[in-house]
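What follows is the residue order along each chain.
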Amino acid sequence: MIPELGNFALILALGLALVQGTLPLVGAWRGDARLMAVARPVALGQALFVTVGFGVLVYAFVTNDFSVSYVAGNSNSRLPVQYRVCSVWGGHEGSVLLWIQILALWTVAVAAFSRSLPRELVARVIAVMGLVSVGFLCFLLFTSNPFARSLPAALDGRDLNPLLQDLGMIAHPPILYMGYVGFSVAFAFAIAALLGGRLDAAWARWTRPWTLLAWSFLTLGIFLGSAWAYYELGWGGWWFWDAVENASFMPWLVGTALIHSLSVTEKRDSFRNWTVLLAILAFSLSLLGTFLVRSGVLTSVHAFASDPTRGLYILGFLAVVIGGALALYAWRAPSVGLGGRFALFSRESLLLLNNVVLAAAAGTVLLGTLYPLALDALGLGKISVGPPYFDAVFVPLSIPLVLLTAVGPMLAWKQASARDVLRRLRPVVLGALAFALLALVALRASAATAVGIGAAAWLLIGTALEAAKRLRAHAAGTRWSRRIAATPLGWWGMIAAHAGLAVFVLGVTVVKSFETSADASLRIGESVALGDFRFAFEALERVEGPNYIAARGRFEVTRDGKVVATLHPEKRFYVVQKMPMTEAAVDRGALRDLYVSLSEATADGAWVVRVQHKPLMGWIWAGALLIAAGGAIAAADRRYRAAKRVPASVAIPVSIPLPN
Amino acid sequence: MRRFLLPLGIFFALVTLLGAGLRHDPGEIPSPLLGKPAPAFALPRLDQPEQNFGPEAMKGRVWLLNVWASWCASCRQEHPLLVDLAQRKVVPVIGLDYMDTKPEAEKWLAERGNPYQLSIQDAKGKVGIDYGVYGVPETFVIDKQGVVRFKLTGPVTQEALDKKLLPLIRELNRG
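Scoring rules and cut-offs
Residues numbered from 1 in each chain as written. Chains lettered and ligands numbered in written order. Predicted model: local features only at pLDDT ≥ 70, side-chain atom pairs only at ≥ 80, totals over all residues. Helix = DSSP H or I, 4+ residues; strand = E, 2+ residues; numbered from the N terminus. Rg over C-alpha atoms; globule rule 2.2 N^0.38 Å. Contact = placed C-beta atoms within 7 Å. Pairing = 2+ DSSP bridges. Axes fitted to C-alpha atoms, helices over the stretch in contact; angles between N-to-C directions. Domains from an automatic or database assignment. Parallel < 35°, antiparallel > 145°, perpendicular 65-115°, else oblique. Left-handed = near helix turned anticlockwise from the far one by under 90°. Nonpolar A, V, L, I, M, F, W, Y, C, P; charged D, E, K, R; others polar. Expected span 1.5 Å × (residues − 1). Bend = angle between axes of the 7 residues up to and from the residue. Buried ≥ 20, exposed ≤ 12 C-beta atoms within 10 Å, placed from the backbone.

Before going further, it helps to examine the overall build of chain A. A count of helices and strands for chain A gives 20 helices and 10 strands. Its C-alpha atoms give chain A a radius of gyration of 27 Å, near enough to 26 Å, the size a compact globule of 660 residues would have. Along the first, second and third principal axes, the C-alpha atoms of chain A reach 85 × 75 × 60 Å. Look at the contacts in chain A between residues 6 or more apart in sequence, and 75% of them connect residues 24 or more apart.

Here it is, written out as structure tokens:
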């Protein structure tokens, strides 16, 4: 009975989403205040029913209702309750419901924090989000109903995929979806602006905090997925250029371009056309990611059971949403114009260059992801594009990007002085060269490694000097705490994200260049050496988990005879899914990670063990977290909240003539 | 105006491509087994677990090895086609019940009809590894000499039957 209520709630939500997607649009078109006023309450109602539906599915999982096919397929009575809750998004149907739930949350947030915006804009934004919701609710109800019953009920469930039974996995999908779906807000603002013909600095200021927040979530989501792969897949890799990873990376790249382009539109009322296009593209790539994961078009470790019907539906939906948006863009953008002018050597130019590089990077990833598909569709055979392609095309693009990142903030808007910038760059160049040389001489690094270390130093020094200059610019005698507090959060967010990028680049370069590993077949009491470290296999015990049995090893790691870590890697066997799992043990340190994983037992009682030493591994994660924090800090800037209290008409909109 | 149409044009080229990809997939991903003898195995039969069955028993006949499981959603899609194929006695189909349990597998067959001459249980997925199975369902065409001639990844569709499987089976039966 309860699952049927959930189903019914989703049907009601669909009805309300239809209203939300149509009446406010008509109202905004005709200038009918009553129809526009429908937007907020209906959006709240839709969110309420979606939440009821989602809650019912959670309830079905927690109470082990195996008469629901989806529950039976993704859970088990022996599964601990926290994993039962996250089993909700462990399969296809529940992931789609999670998508809708998060869209509802973003819609409510927009409805709540848009009181001071023009009512036409709010009506259109909420309506566009309603239409997106209609598409996903139809997809859920007609092709992937999570509440479908299979009677008589299964005695027990088939259990959650053991790979997903992990704390990182509880958080990864919701956070990632917060990012994906969050771009729908920027998308809705873009469509509303194109419909209303009003696209100006005020519009950019309204869009910015939402985009920054979504981008921050997306960064965090990708980080969580990557960190999970690092310790859960058992061999210490953290990025595989897998199709599904690429699907999340492409919107991130375009989203990064978008937050920079928005800053130009807000500050200088320039780049208007381009910003709107980026807002459309960022969300389009999120949808494309969903298509790639759900349709089974691409084979990937993440792909759910392939189903052509679902793929066809999403493709149709994609064509309508993105095709419609781009058609609207083609129609309305010519009248929007580029906006303010700027000189060749200015911050605008550099941000344009940043946008071009980021868009090109996203393009190369898209090409690499879809190339196998294209060849296949043209009947030219099946190939696979792997890390060699991405390393070859992506790295050369990212180095100039890192270098530009340090220079951008040094340039003035509109017209910068080349002499001034060159003077300020001198210590940066010297510092980067010094670090690169140090790497070459002291670490005997390769040229590529030296370039990576030099680029990271360049960005870190450049960002630090920029921060110092800004703080020194305050009136003499001002206390430092005062100076820090008086500097806007938006600017601090930029400093944090740029510094994070530098830390990340340094971590990646050092790990890639200096990591070492050894495979050994060990019996208890034996040990293997790796550099200065010695890993001794001390003991092995049998452990019984709630839904698995495991062999747990104890490894003592010593350096010069002193114990530095004790590690407990496990080899688990999940009894319901009959799946073996490697649980690696990692000793994390500020300067290095030590990593031990048990591969398998050989016939004569020894274990194949893989030990790894990864210098500065933690810096990769720290850098990613700093980047995500930068986005969140910038989104919290007081300016965006202050702007909301000012009536929109005071924001001096530049009106745009409508075509015809 | 024209340059603003460019994104739309590129996008529709992409949609066409993805649409074509959908038609091609779930596709014939090349199997290293093609042209090679079907890997040997001896697995318990689903209906009579005390008896083992291996591919050598099918020597001299063209047959299909269909990998299925009761937990596999896409198998439901192809199942009616297989049942129909079995009723027309076109080709013997051997089922490889992949990483499944006996009660659930039997319930599944009882509910939906059993198109298989017999099914064998690969409860731990070991034989699946030998055959390079990486998604259920998959279907192998094996000829009279026990050589793998074709592999279909994903559900059997009417189109795949008409265009690929049936002509190939007819040809192999003639040879």
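It is worth spelling out the sheet that holds strand β7 (residues 148-153) of chain B at this point. Residue and element names in this part refer to chain B. Taken in spatial order, the five strands line up as β5-β4-β3-β6-β7 in an open sheet, and their pairing is mixed. The sheet terminates laterally at β5 (118-122) and β7, the two strands that pair on one side only. Within the sheet, the average angular offset between the axes of one strand and its neighbour, ignoring direction, is 20°. The sheet contact formed by strand β3 (residues 63-68) and strand β4 (residues 93-98) spans five bridges and is parallel. For Val67, the partnering residue across the bridge sits in β4 and is Leu96. In the packing of helix α5 (residues 158-174) onto the sheet, the strands contacted are β6 (138-142) and β7, and the crossing angle to β7 comes to about 165°.

Along its sequence, chain A is carved into domain 1 (1-160), domain 2 (417-487) and domain 3 (516-618). On a C-alpha basis, the centres of domain 1 of chain A and domain 2 of chain A stand 48 Å from each other.

Residues and elements named next belong to chain A. Relative to strand β9 (residues 592-601), strand β8 (residues 585-588) runs antiparallel, the two sharing four bridges. Along β9, the bridge assignment pairs Asp587 with Leu594. As consecutive antiparallel partners, β8 and β9 are separated by three residues.

Residue and element names in this part refer to chain A. It is at 10 Å that the axes of helix α3 (residues 39-62) and helix α7 (residues 119-143) come closest, and there the two elements cross at 30°. Taken as axis vectors, α3 and α7 run roughly parallel relative to one another. Judged by the sense of rotation from one axis to the other, the crossing of α3 with α7 is left-handed. Contacts between α3 and α7 involve Ala39, Arg40, Ala43 and Gln46 on the former and, on the latter, Val122, Ala123, Ile126, Ala127, Gly130 and Ser133. Broken down by class, the residue content of the contact of α3 with α7 amounts to six nonpolar, three polar and one charged.

On to helix α9 (residues 201-232) of chain A, then. Residues and elements named next belong to chain A. Here α9 contains 32 residues, and its C-alpha end-to-end distance of 46 Å stays within 8% of the 46 Å for a straight helix at 1.5 Å per residue. A maximum bend of about 30° is found in α9 at Thr207, where proline Pro209 lies one to four positions downstream. Across the 32 residues of α9, 28 count as buried, placing the element largely inside the fold.

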